[in-house]
Amino acid sequence: PSLIQKDNIPKLFSEGYEIHLYIYTSIQDEEKLLTNKKYKKVMEKFFHYGEVHIKSFNLSSFKERNDFQVKCLLDFMDNCLEKKAYFLHSAPDFIFGNQSIYNALKSVEDKGACFSAPVARISVNKATSDRDLKELANLDINISNSRLVSLLFKYPHQGTLSAFDNTDLNSTYFSGISIRKINPNSYTVIHNLPSIFIGTFNKFDYLFFHLL
């Protein structure tokens, strides 16, 4: 749902970008996507801004989970290379703030660079009753990045708590992330393993994963 907040995908669409959503899943989970009311609501709204492509596979055809993931990635990369398109990596449990996708693309567009950022984890068990997240999931509100940061510290995952440098000065060695509290409203974050969210692929990227 956070993809289709008004200043993310809809704003890009309004500026003339062609939008495609690729969903890779198992045959069993494809049926859930097409029949679950909550999923259908999100998909139907996305149809206003772009095309949806669902590609499903029989997981028993793959020896390992990684084989399935690499096959999906290669298929996706092939589509991006063919269309000379930018990609957005959006896992099912990612929550993007309003404007973040638009701003990230604009910051790397035509630079031949990718946009990377730390992944902040929250406790799902603690956050399930949060009103803002429920309303976002129902497409009733837009949620700012600053609000997401406040939720991070309201419902912290254990991995986040252990990344504060007053607990462990060397936490980047284990998790890639180190957090320091500057004052009650400010934190600094060092991240050695930021995730790539937006960018372009090249033929060498395809070759690298093809040879894995």
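Here the structure is shown first, and the text comes after it.
First, a word on what this report is: a plain description of the structure on this page. (Residues numbered from 1 in each chain as written. Predicted model: local features only at pLDDT ≥ 70, side-chain atom pairs only at ≥ 80, totals over all residues. Heavy atoms only, no water.)

## Thoughts on the overall build of the chain
For clarity, the threshold we go by: Only runs of H or I of at least four residues qualify as helices and only runs of E of at least two qualify as strands under DSSP, and these elements are numbered from the N terminus. Values of the radius of gyration come from C-alpha atoms, whereas the globule rule sets the reference at 2.2 Å times the count of residues to the power 0.38. Throughout this description, buried means an accessible area under 20% of the type-specific maximum (1.4 Å probe, protein chains only), exposed means over 50%, and partly exposed covers the range between. Should any heavy atoms of two residues lie within 4.5 Å, those residues are counted as being in contact. The accessible surface values rely on the Shrake-Rupley method and a 1.4 Å probe; as for residues, cover is taken only from the protein chains in view. When charges are tallied, Lys and Arg are placed among the positive residues and Asp and Glu among the negative ones, while His and the ends of the chain are skipped. Charge positions are represented by NZ for Lys, CZ for Arg, CG for Asp and CD for Glu.
Counting its regular elements, the chain contains 11 helices and 7 strands. Computed over C-alpha atoms, the radius of gyration of the chain comes to 19 Å, within 12% of the 17 Å expected from 2.2 N^0.38 for 212 residues, which places it in the range of a compact globule. When its C-alpha atoms are laid out on the principal axes, the chain stretches across 50 × 40 × 40 Å. Within the chain, the fraction of its 212 residues that count as buried is 34%. Excluding contacts between residues fewer than 6 apart, the proportion of contacts in the chain whose partners are at least 24 apart in sequence is 67%. Total accessible area on the chain stands at roughly 13800 Å², and carbon and sulfur atoms take up 53% of it. Taking the 25 positively charged and 23 negatively charged side chains of the chain as two groups, their mean positions are separated by 5 Å.

## Digging into the sheet that holds strand 4 (residues 115-117)
To keep it simple, the criterion reads: The criterion for strand pairing is that DSSP finds at least two bridges linking the strands in question. The axes used here are C-alpha line fits, helices contributing only the stretch in contact, and every angle between their N-to-C directions lies in the interval 0 to 180 degrees.
The antiparallel open sheet is built from 3 strands, whose spatial order is 3-7-4. Two strands close off the open sheet at either side, each with one partner strand: strand 3 (87-88) and strand 4. Both strand 3 and strand 7 (residues 195-199) contribute to a ladder of 2 bridges, which runs antiparallel. By the bridge assignment for strand 7, leucine 88 is matched with isoleucine 198. Helix-sheet contacts for helix 5 (residues 100-108) involve strand 3, strand 4 and strand 7, and the interaxial angle to strand 7 is about 75°.

## Here we look at helix 5
Where helix 5 is concerned, the buried positions are Ser100, Ile101, Tyr102, Ala104, Leu105 and Val108. Summarising the contacts, the buried residues of helix 5 are in contact with helix 1 (9-14), strand 3, strand 4, helix 8 (145-154) and strand 7. Within two residues after helix 5, aspartate 110 carries a phi angle of roughly 65°, on the positive side.

## Things to note about unusual backbone geometry
Note on backbone geometry: most residues besides glycine have negative phi, and most peptide bonds are trans. Positive phi, normally seen in glycine, also occurs at lysine 84, with a value near 55°. Assignment of secondary structure puts lysine 84 in the loop between helix 4 (65-83) and strand 3. Assessed through its relative accessible area of 77%, lysine 84 is described here as exposed. Despite not being glycine, leucine 139 shows a phi value in the positive range, around 65°. Tracing the backbone shows leucine 139 in the loop between helix 7 (131-137) and helix 8.

## Thoughts on the packing of aromatic side chains
Selection criterion: A pair of Phe, Tyr and Trp rings is counted when the ring centres sit within 6.5 Å of each other, with Trp represented by its six-membered ring. The angle between the planes then sorts it: under 30 degrees is stacked, over 60 is edge-to-face, the rest tilted. Lysine and arginine charges are scored as sitting over a ring when NZ or CZ, respectively, is within 6 Å of the ring centre and within 35 degrees of the ring normal.
Applying the stated criterion across every chain, the model contains 15 aromatic pairs. With a centroid separation of 4.0 Å and an interplanar angle of 15°, the aromatic rings of phenylalanine 153 and tyrosine 187 are classed as stacked. Of this pair, phenylalanine 153 sits in helix 8 while tyrosine 187 sits in strand 6 (residues 186-191); the two residues are 34 residues apart in sequence, bridging distant segments of the chain. Clustering of aromatic rings is evident, with ring pairs tying together Tyr22, Tyr24, Phe76, Phe87 and Phe201. Above the plane of the ring of tyrosine 102 lies lysine 11, whose end atom (NZ or CZ) is 4.3 Å from the centre.

## Focus: the environment of tyrosine 24
As a reminder of what qualifies: Polar contact criterion, stated in full: a pair of N or O atoms within 3.5 Å, where within protein one must be able to donate a hydrogen and the other to accept it, and residues adjacent in sequence count only if both atoms are side-chain atoms.
Relative to the helices and strands, tyrosine 24 resides in strand 1 (residues 19-26). The sequence separation of tyrosine 24 and isoleucine 190 amounts to 166 residues, and the corresponding C-alpha distance is 32 Å. In this structure, tyrosine 24 is in contact with Lys55, Phe57, Cys72, Asp75, Phe76 and Asn79, ignoring residues within four places of it in sequence. Within the structure, the side chain of tyrosine 24 is placed 2.7 Å from the side chain of aspartate 75, a separation counted as a polar contact.

## Some points on a nonpolar patch on the surface
To keep things clear, this is the line we draw: Distance thresholds for patches are 9 Å for like charges and 5 Å for nonpolar side chains (Val, Leu, Ile, Met, Phe, Trp, Tyr), applied to residues having over 30% relative accessible area and no salt bridge. In the sections that follow, a salt bridge refers to a side-chain nitrogen of Lys or Arg positioned within 4 Å of a carboxyl oxygen of Asp or Glu.
The grouping of Phe204, Leu207 and Leu211 at the surface amounts to a nonpolar patch, some 370 Å² of accessible area in total. Of note, leucine 207 is situated in helix 11 (residues 203-210). Given a relative accessible area of 42%, leucine 207 falls into the partly exposed group.

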